[in-house]
Amino acid sequence: MGFLYPIHLLSLMAAILLFSKTSQAQQMVVSSYYNAGDPRDEWTEFLVIQDNLDIRNWTFGDNNAAQTNWQPRIAFNPVAFWRNLRAGTIIVVWHRPVNSAGNPQPQDQDPSDGFIRVCANRTDYFTGGDFGTTPLWNGTSLNVAAAGDIIEIRDAANNHVHALAHQSVPGISFASMSDPKLNHLETLGNNEAVFVCPGANLTDYGTPSQIGTTYTARSSVDLTPGLPNICSASSTANSDFWRSLRQPNWPVTTPTAYTVNAGNTSVTLSWPPVQDNYPGDLTTGYLILRNTTNTFTDPPLDGVRYSIGDIIGSATVIQNSQPQSQTTVYT
């Protein structure tokens, strides 16, 4: 017996878990940001919501401690790197090129695994901003203030997309922004991050606007840049939401068809294609399992490339056509 899974490099999911995604207002959101005693250790984490998103010429930036004035903004360069971002992609932006010890911040410019990590002053990816100069890099842009701040995303037409903030009493810059937005009603200590929590769905990210501590949290312990936010040891709410963005969409789930040749020496499987909004990035395909009984379990781990011969549950992987979302036949 056989079973077919649509897969994406970002995650592996069973067909029975898939659902049709709806259009969302927040094409990309601020998931968290980190306040350190030194701006060279700070970062912001973005989460891509809309599949095949083009953020060329979008901008992001922060405010002052009173939430009354914007600092010089940073723009995503009009380069191909920012053109076809897949839903569920995580972008971690270091606020400075080095840490407080003077060591270069780690980089990751391969988006195929759904994770990007770059520095805000890299001129091949960004323009703008006031970062100061070496060695302290003590400029005004993305220099998070403990008393209050806002990280906001705007699109290429300068329209508000999303914002995450903290301030005990929200300032005029936060109040004047439209939804979606969140303000955590507390100050941040050094080495604390503010993050969306529980983040179980897109509504939790500030539609309608959220002011308080119901949909946000701060912590100096559960710091997860590049990984889902941790609201409690037992909660998987944000992880489940991220997985729902990353899993492939298979709107037609009719059973796999098959034909046996005249000599009973081969079986040809065929299936309706998974929805792939950008086949050119070669990150979506199919995982075919075989078992002697009709028993199949979901692949247990995200971000794993399964090879022919691997065992998932009690079934064996017989084909992994990872880069071929438009190929829907296997013999």
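The model shown is predicted, which means the values in this text are computed figures rather than measured ones. (Residues numbered from 1 in each chain as written. Predicted model: local features only at pLDDT ≥ 70, side-chain atom pairs only at ≥ 80, totals over all residues. Heavy atoms only, no water.)

### What to know about the overall build of the protein
Move 1: Of regular secondary structure, the protein possesses 2 helices and 21 strands.
Move 2: At 22 Å, the protein has a C-alpha radius of gyration in line with the 20 Å of a compact globule built from 331 residues.
Move 3: Projected onto the principal axes, the alpha-carbon positions of the protein cover approximately 75 × 40 × 35 Å.
Move 4: Looking at the protein as a whole, 49% of its 331 residues qualify as buried.
Move 5: Once local pairs closer than 6 in sequence are excluded, the contacts in the protein between residues at least 24 apart make up 67%. (Helix = DSSP H or I, 4+ residues; strand = E, 2+ residues; numbered from the N terminus. Rg over C-alpha atoms; globule rule 2.2 N^0.38 Å. Buried < 20%, exposed > 50% of the residue type's maximum accessible area, 1.4 Å probe, protein only. Contact = heavy atoms within 4.5 Å.)

### Some thoughts on the environment of T283
Move 1: Mapped onto the elements, T283 comes out in the loop between β17 (267-270) and β18 (284-290).
Move 2: Along the sequence, T283 and R86 sit 197 residues apart, while their C-alpha atoms lie 9.4 Å from each other.

### Thoughts on the pattern of salt bridges
Move 1: Enumeration according to the criterion identifies 10 salt bridges in this entry.
Move 2: With a shortest N-O distance of 2.6 Å, D38 and R40 are connected by a salt bridge.
Move 3: Residue class for D38 comes out buried when judged on its relative accessible area of 17%.
Move 4: Residue D54 is joined to R56 by a salt bridge in which the shortest nitrogen-to-oxygen separation is 2.7 Å.
Move 5: You can call D54 partly exposed: its relative accessible area is 30%.
Move 6: Residue class for R56 comes out partly exposed when judged on its relative accessible area of 26%.
Move 7: Among the charged side chains, a salt-bridge network with shared partners connects D51, R86, D276 and D281. (Salt bridge = Lys/Arg side-chain N within 4 Å of Asp/Glu carboxyl O.)

### Some remarks on the pairing of strand β13 (residues 192-196)
Move 1: Of all the 5 residues making up β13, 5 are buried; the element is thus mostly covered by neighbouring parts of the structure.
Move 2: Burial along β13 is two-sided: E192, V194 and V196 and A193 and F195, pointing in opposite directions, are all buried.
Move 3: Looking at chain direction, strand β3 (residues 28-35) and β13 are connected through 4 bridges and run antiparallel. Across the sheet, residue S32 finds its bridge partner in β13, namely F195. (Pairing = 2+ DSSP bridges.)

### So, the sheet that holds strand β9 (residues 126-128)
Move 1: The strand order across the open sheet formed by 7 strands is β9-β6-β5-β10-β11-β12-β14, and the pairing between neighbours is mixed. Single-partner strands in this sheet number two, and they are β9 and β14 (210-212). Recorded for the sheet is a direction-independent mean angle of 15 degrees between the axes of neighbouring strands.
Move 2: Across 4 bridges, strand β5 (residues 59-62) lies against strand β10 (residues 148-154) in antiparallel orientation. (Axes fitted to C-alpha atoms, helices over the stretch in contact; angles between N-to-C directions.)

### Quick notes on the packing of aromatic side chains
Move 1: Overall, the coordinates contain 13 aromatic pairs when judged by the stated rule.
Move 2: Residues F60 and F126 carry aromatic rings whose centres are separated by 5.7 Å and whose planes lie at 80 degrees to one another, so their mutual orientation is edge-to-face. With F60 in strand β5 and F126 in strand β9, the pair connects residues that are 66 residues apart, well separated along the chain.
Move 3: For F60, a relative accessible area of 0% translates into the label buried.
Move 4: For F126, a relative accessible area of 2% gives the class buried.
Move 5: The residue whose ring lies beneath R73 is W70, and the NZ or CZ to ring-centre distance is 5.7 Å.
Move 6: Lying across the ring of F174, K181 places its NZ or CZ 4.7 Å from the centre. (Phe/Tyr/Trp six-rings, centres within 6.5 Å; stacked < 30°, edge-to-face > 60°. Lys NZ or Arg CZ within 6 Å of the ring centre and 35° of its normal.)

### What to know about the nonpolar core
Move 1: Counting residues in each nonpolar core, the largest one holds 54 residues, and the members touching the most others are M28, F46, L47, I55, W82, I91 and F126.
Move 2: Discounting residues that sit within four places of it in the chain, F126 has contacts with F60, I74, A75, F76, N77, W82, V93, V118, C119 and A120.
Move 3: In terms of nonpolar packing, the next biggest core, distinct from the first, is built from 7 residues, L289, Y306, I312 and V317 among them. (Core = buried A, V, L, I, M, F, W, Y, C linked by side-chain atoms within 4.5 Å.)

### Some remarks on the sheet that holds strand β15 (residues 216-219)
Move 1: One open sheet accounts for 6 strands, arranged β8-β7-β4-β3-β13-β15; its pairing is mixed. A single partner strand is all that each edge strand has here, and the edge strands are β8 (115-119) and β15. Each adjacent strand pair in this sheet contributes to an overall mean axis angle of 20 degrees, direction not counted.
Move 2: Relative to strand β4 (residues 43-48), β3 runs antiparallel, the two sharing 6 bridges. For Y34, the partnering residue across the bridge sits in β4 and is W43.
Move 3: Sheet contacts for helix α2 (residues 237-246): β3, β4 and β7 (90-94); angle to β4, the most-contacted strand, approximately 50 degrees.

### Digging into the side chain of R73
Move 1: Note on placement: R73 falls in the loop between β5 and β6 (74-76).
Move 2: R73 sits in the buried class, given a relative accessible area of 17%.
Move 3: Apart from the residues within four sequence positions on either side, R73 is in contact with T59, F60, G61, T127, G128, G129, E152, I153 and R154.

### Examining unusual backbone geometry
Move 1: Of the consecutive residues D179 and P180, the connecting peptide bond is found in the cis state with omega at 0 degrees.
Move 2: As for its position among the elements, P180 is in the loop between α1 (172-175) and β12 (181-184).
Move 3: The omega torsion across T207 and P208 is -5 degrees, close enough to zero to call that bond cis.
Move 4: Inspection of the secondary structure puts P208 in the loop between β13 and β14.
Move 5: Phi angles above zero are rare outside glycine, and L282 is one such case at about 55 degrees.
Move 6: Considering the arrangement of structural elements, one finds L282 in the loop between β17 and β18.

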